[in-house]
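# Observations on the three-dimensional arrangement
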Amino acid sequence: MTQSSVLNVPQREAVLHLESPCLVLAGAGSGKTRVITHKIAHLIDTGAYTASQIAALTFTNKAAKEMQERCAQLLSTKPTRGLTVCTFHALGMAILRAEAVHAGLKPRFSILDADDAYAIIQDLCATTDRGLVRALQSQISLWKNARVSVAQAESSAATEEEASAARIYRSYAATLLAYQSVDFDDLIGRPAELFVEQPEVLYRWQSRLRYVLVDEVQDTNASQYHLFRLLVGPRAAFTAVGDDDQAIYAWRGATVDNLRRIQEDYPTLRVVKLEQNYRSSGRILAAANALIAHNPKLFEKKLWSEHGPGDPLVIQAMPNEEQEAESVAIQISAHRFERQARFADYAVLYRGNHQARVLEQAFRKEKIPYVVSGGQSFFERVEIKDVCAWLRLIANQDDDPAFVRAITTPKRGVGAATLETLGQYAASRGVSLFEAACESGLGLKLESRRLEPVLEFTRFINRMEWRATREPAGELLDELLRAVGFEASIYDGHDARTAQGKWQNILDFAAWMKQKAEADSKNLLEMTQSVALLSMLESRDGETDAVRLSTLHAAKGLEFPHVFLVGVEEGLLPHGGAAGDDAPVLAERIEEERRLMYVGITRAQRSLHICWCQKRKRGREFESREPSRFLSELALEKAPFAVAEQVSPQARLAGLKALLNKPRAPSP
DNA sequence: GCACTTTATGTTTTT
DNA sequence: CATAAAGTGC
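Quick caveat, the model's predicted, so the values are computed rather than measured. (Residues numbered from 1 in each chain as written. Chains lettered and ligands numbered in written order. Predicted model: local features only at pLDDT ≥ 70, side-chain atom pairs only at ≥ 80, totals over all residues. Heavy atoms only, no water.)

## Description of the overall build of chain A
We count it as follows: To qualify as a helix, a DSSP run of H or I must reach at least 4 residues; to qualify as a strand, a run of E must reach at least 2; elements of each kind are numbered from the N terminus. The buried label applies to any residue whose accessible area, calculated with a 1.4 Å probe on protein chains only, is under 20% of its type's maximum; exposed applies above 50%, and partly exposed to all values in between. The accessible surface values rely on the Shrake-Rupley method and a 1.4 Å probe; as for residues, cover is taken only from the protein chains in view.
In terms of helices and strands, chain A carries 27 helices and 19 strands. Among the 668 residues that make up chain A, the fraction classed as buried is 54%. As presented, chain A carries roughly 30300 Å² of accessible surface, and 51% of it is formed by carbon and sulfur atoms.

Next up, the structure:
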């Protein structure tokens, strides 16, 4: 992008418009982040708002981080203290934490991730059928996102299947309450409920956050839109930014319909379209436009650009995924060498996380530095979750899942049988596992040999809780790790190499917690609550020069000079899950897949490579594949595209590769 | 009863 | 290939 201070006409209009609510329809690469950051600056400049009265809500942590950075850049000379830039979920957590008492929760409630929720549901329906549990989990989540209450779900159940799903929904909600826990969806739903039930709480937040900016509105679900509507209230001082062509979260309950509703709900809404693309060269943009033209439009947009045509697109058919990965790696090496570019100028985008594996292998082989974004987050690693279970339990003794996980990892002689007895006793007394473990009555149920490790465990947790509010988070965490004996248990259970990796992860985690705790002056208990939501992104220095491997979903909002789109095949993109069901649903799913492809294409600034595999390993057997229908929708005939079919670039690049692998300047 | 070893099994995307 | 359920040794 050019000087960030310069705005084009519609951008300026969007920034300056304050008289009524504002909806910005921002095409890909049209500078929407620039509009949001400049609008924040403008709000502060006019004197109408202080930074602490402004909230900018994003959808992902990555977007929030990006927004924070851009704001910090632009607002460096302005008072930005108290400016809220975070995800919907982070705001929900802040509200729920501050108002916990009003919501019938203790302030130290736990936040469950998807795995915890899965385990609870599995428990409730007492089945080993993974598909069933997943289906139930997703149904409950969709109900919550669509603001369907337990009662509504029960009464609207038409089949016995639905009725039993609704029953699980009810007991799931009850279980969470017993654990004093909320899931991700509750972080949106519960604050909204609270606002409806207790208007005075709502007024407090409405007067605190007087101007709201929302990014990616097309990805909000009914529940988020509801929370948003409550928050902005009748004053409706807000700017929403979105693009219906980039809606890729319908599977999670998001509905583009919110873009239409927002016009109905706010008749004075000013709609501004950003149609000038600053990102991509002509051919890339033409392909993107041709593709998305196959989707029905909510808003008519015509994206245009002042850039020249740029490089031809390259479309390659590869024999299989190994060769595809290899080819991409080699091409990046060569391309980077020819253009004198940085590794960080390249991104490889794909549909599913599992595709990263082959790519990683190829990149390691070719000695190309890379970072994988999306996929399993740092906090989802088992060893980190083990540590977090201890922290969660120290913060919230009602958190039974944390209790079970902590008391069994590392192994301390408490197993399934002991827990079974403890669980029955707790159920009969109507208390949490931890509380049951502290009661003297337990002694009658467990022989002292089984009881003693349990008692020692509870004593330790109590001691840590007492100290957690008084001592610095970092040191206490170090001591926790030592006292619990994580390191030994990790080295015990794994071979030296993986153990070292796992232990390093824990050390990184501890260092991150320490640094974050000091920066925000929080104690260990307060830190614990943010962990479920925060991502390590903020501590990772964006300065390392590495190729980015990313899912298409995780790539949204980012841009790269050179993009490789891999696995563009029928069954993968569009994904095979879209097949089989009824026709209207099918059409919508294909449209969403098309938008996903559109998002991928529009990440590219200067060059775009698209690959597909003729054969792909599925399970143990190879399965032959067809090129994606989207390839034929790119209007290739309209521009001089280079279409390279089944050409292995290895031979051409052999010379370059040898050159690249030569040792560099002699080291001292 | 507990922990460790084997064996079936199965894959979208994220807060 | 990584995870999670069933099976085996202590």
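Back to the text.
## Notes on helix 11 (residues 222–232)
We count it as follows: For the purposes of these results, a polar contact is taken to be a pair of N or O atoms within 3.5 Å, where, inside protein, one atom must be able to donate a hydrogen and its partner to accept one; residues adjacent in sequence count only when each atom of the pair is a side-chain atom.
For helix 11, the tally of buried residues reaches nine of 11 residues, placing the bulk of the element in the interior. Within the sequence span of helix 11, burial applies to S223, Q224, Y225, H226, L227, F228, L230, L231 and V232. By the N-cap criterion, in which a side-chain oxygen at the helix start approaches the backbone nitrogen of a residue two or three places on, helix 11 is capped by N221, the distance to S223 being 3.1 Å. Directly beyond the C-terminal end of helix 11, a positive phi value near 60° is found at G233.

## Side note on the protein's contact with DNA strand B
Cut-off, in case you're wondering: Nearness is judged by heavy atoms alone; a residue qualifies as near a molecule or strand once a single heavy atom is within 4 Å of it. Side-chain classes are defined by residue name, with Ala, Val, Leu, Ile, Met, Phe, Trp, Tyr, Cys and Pro counting as nonpolar, Asp, Glu, Lys and Arg as charged, and the others, Gly among them, as polar.
Close contacts around DNA strand B come from 25 residues, with R252, R351, N353, A417 and T418 the closest. Separating a base oxygen of DNA strand B from a side-chain N or O atom of W251 is a distance of 3.4 Å. Top contributing element to the surface near DNA strand B by residue count: helix 18 (residues 416–429), with three residues. Here the surface near DNA strand B is built from residues that sort into seven nonpolar, 12 polar and six charged.

## Some thoughts on the sheet that holds strand 8 (residues 270–274)
For sheets, the rule is that strands pair by backbone hydrogen bonds, running either parallel or antiparallel. Let me state the cut-off plainly: Here the rule is simple: two strands pair whenever DSSP picks up at least two bridges between them. For helices, the axis comes from a line fit to the C-alpha atoms of the stretch in contact; other axes are also lines fit to C-alpha atoms, and the angle between any two N-to-C directions lies between 0 and 180 degrees.
One open sheet accounts for six strands, arranged 3-2-6-7-1-8; its pairing is parallel. In the strand order of this sheet, the two ends are held by strand 3 (84–87) and strand 8, each with one partner. The sheet shows a mean angle of 15° between the axes of neighbouring strands, taken without regard to direction. Bridge count for strand 2 (residues 54–58) against strand 6 (residues 211–214) is four bridges, and the pairing is parallel. The residue bridging I54 from the neighbouring strand is Y211, located in strand 6.

## Some thoughts on unusual backbone geometry
Residue P574 follows L573 across a cis peptide bond; omega there is 10°. Relative to the assigned elements, P574 resides in the loop between strand 15 (560–565) and helix 26 (583–601). Positioned with a positive phi, R147 is a non-glycine residue whose angle comes to about 60°. Topologically, R147 is positioned in the loop between helix 6 (130–145) and helix 7 (150–155). Judged by relative accessible area, R147 falls into the partly exposed class, the value being 45%. With a phi close to 50°, A236 is a non-glycine residue in the positive phi region.

## Looking at the protein's contact with DNA strand C
As a matter of local geometry, DNA strand C sits amid Q122, R130 and R357. The side chain of Q122 places a nitrogen or oxygen atom 2.8 Å from a phosphate oxygen of DNA strand C. Contact between DNA strand C and R357: a phosphate oxygen at 3.3 Å from a side-chain N or O atom of the residue.

## Some details on helix 10 (residues 199–208)
We apply this condition: What the arc covers is the set of directions going from the helix axis to the C-beta atoms. Contacts are assigned to residue pairs with any non-hydrogen atoms lying within 4.5 Å of each other.
Those residues of helix 10 that sit buried are V201, L202, W205 and Q206. One face of helix 10 carries all of its buried residues, which in axial projection span an arc of 135°. Considering only its buried residues, helix 10 is in contact with helix 4 (88–98), helix 9 (186–197) and helix 11.

## Notes on the packing of aromatic side chains
Centre-to-centre distance and the angle between the planes together describe a pair of aromatic rings. As a reminder, the rule being used: The pairing test for Phe, Tyr and Trp rings, Trp by its six-membered ring, is centres within 6.5 Å, and the orientation test on the planes gives stacked under 30 degrees, edge-to-face over 60, and tilted for anything in between.
In total, this model carries 14 aromatic pairs according to the counting rule given. Measuring from centroid to centroid gives 4.9 Å for F238 and Y266, while their planes differ by 75°, and the two rings are edge-to-face. Residue F238 is located in strand 7 (residues 238–242), and its partner Y266 is located in the loop between helix 12 (257–265) and strand 8; the two are separated by 28 residues in the primary sequence. One exposure class covers both F238 and Y266, and it is buried. Ring plane angle 80° and centroid distance 5.9 Å describe the contact between W390 and F460, whose orientation is recorded as edge-to-face. Of this pair, W390 sits in helix 16 (residues 382–395) while F460 sits in helix 20 (residues 448–468), and the two are 70 residues apart along the sequence. Both residues of the pair, W390 and F460, count as buried.

## Some details on the pattern of salt bridges
Where we set the bar: Between Lys or Arg on one side and Asp or Glu on the other, a salt bridge is scored when a side-chain nitrogen of the former is within 4 Å of a carboxyl oxygen of the latter.
Summed over the entire model, instances satisfying the criterion amount to 45 salt bridges. Connected through salt bridges with shared partners, the residues K32, D215, E216, D219 and K556 form a single ionic network.

## Structural notes on the packing of helix 16 against helix 21 (residues 473–484)
Put simply, the rule reads: Throughout, the term roughly parallel applies to angles under 35 degrees, roughly antiparallel to angles over 145, roughly perpendicular to angles from 65 to 115, and oblique to all others. For any pair of crossing helices, the crossing counts as left-handed if the nearer helix is rotated counterclockwise from the farther one by less than a right angle, and right-handed if it is rotated clockwise.
Between helix 16 and helix 21, the least distance of the axes is 11 Å, while the angle of their chain directions is 115°. Here helix 16 lies roughly perpendicular to helix 21, going by the angle between them. Relative to helix 21, helix 16 is oriented so that their crossing is right-handed. Seen from helix 16, the contacting residues are V387, W390, L391 and I394; seen from helix 21, they are L477, L480, L481 and V484. Grouping the amino acids of the contact of helix 16 with helix 21 by side-chain chemistry returns eight nonpolar, no polar and no charged.

## Observations concerning the environment of R229
Relative to the helices and strands, R229 is located in helix 11. On the basis of relative accessibility, which here comes to 31%, the residue R229 falls in the partly exposed class. Linking R229 and I262, residues 33 residues apart in sequence, is a C-alpha distance of 9.3 Å. If near-sequence neighbours (up to four positions away) are discounted, R229 is found in contact with R261, D265 and Y266.

## A closer look at the confidence of the model for chain A
To be explicit about the condition: What pLDDT reports is the predictor's confidence in each residue, on a scale of 0 through 100.
Looking at chain A as a whole, the pLDDT averages 84, with 90% of positions reaching at least 70. Per-residue pLDDT stays below 50 along residues 644–668; that stretch engages in 30 contacts with residues further than four places along the chain or on separate chains.

## Regarding the side chain of K39
Within the secondary structure, K39 is located in helix 2 (residues 32–45). Of note is the side chain of K39, whose polar atom sits 2.7 Å from the backbone oxygen of H17. If we skip the residues at most four places from it in the chain, K39 touches A14, V15, H17, L18, C22, Y211, L213 and T239.

## As for the environment of T58
Here T58 is to be found in strand 2. A relative accessible area of 0% means that T58 is categorised as buried. Between the C-alpha atom of T58 and that of T159, which follows or precedes it by 101 residues, the distance is 38 Å. Look past the residues within four positions of T58 in its chain and what remains in contact with it is A63, A64, M67, C86, T87, F88 and D215.

## Structural notes on the pairing of strand 2
Where burial is concerned, most of strand 2 is hidden: five out of the five residues are buried. Alternating positions in strand 2 separate into two faces, I54, A56 and T58 on one and A55 and L57 on the other, with burial throughout. Pairing analysis gives four bridges linking strand 2 to strand 3, with the strands arranged parallel. Opposite A56, over in strand 3, you have V85 as the bridge partner.

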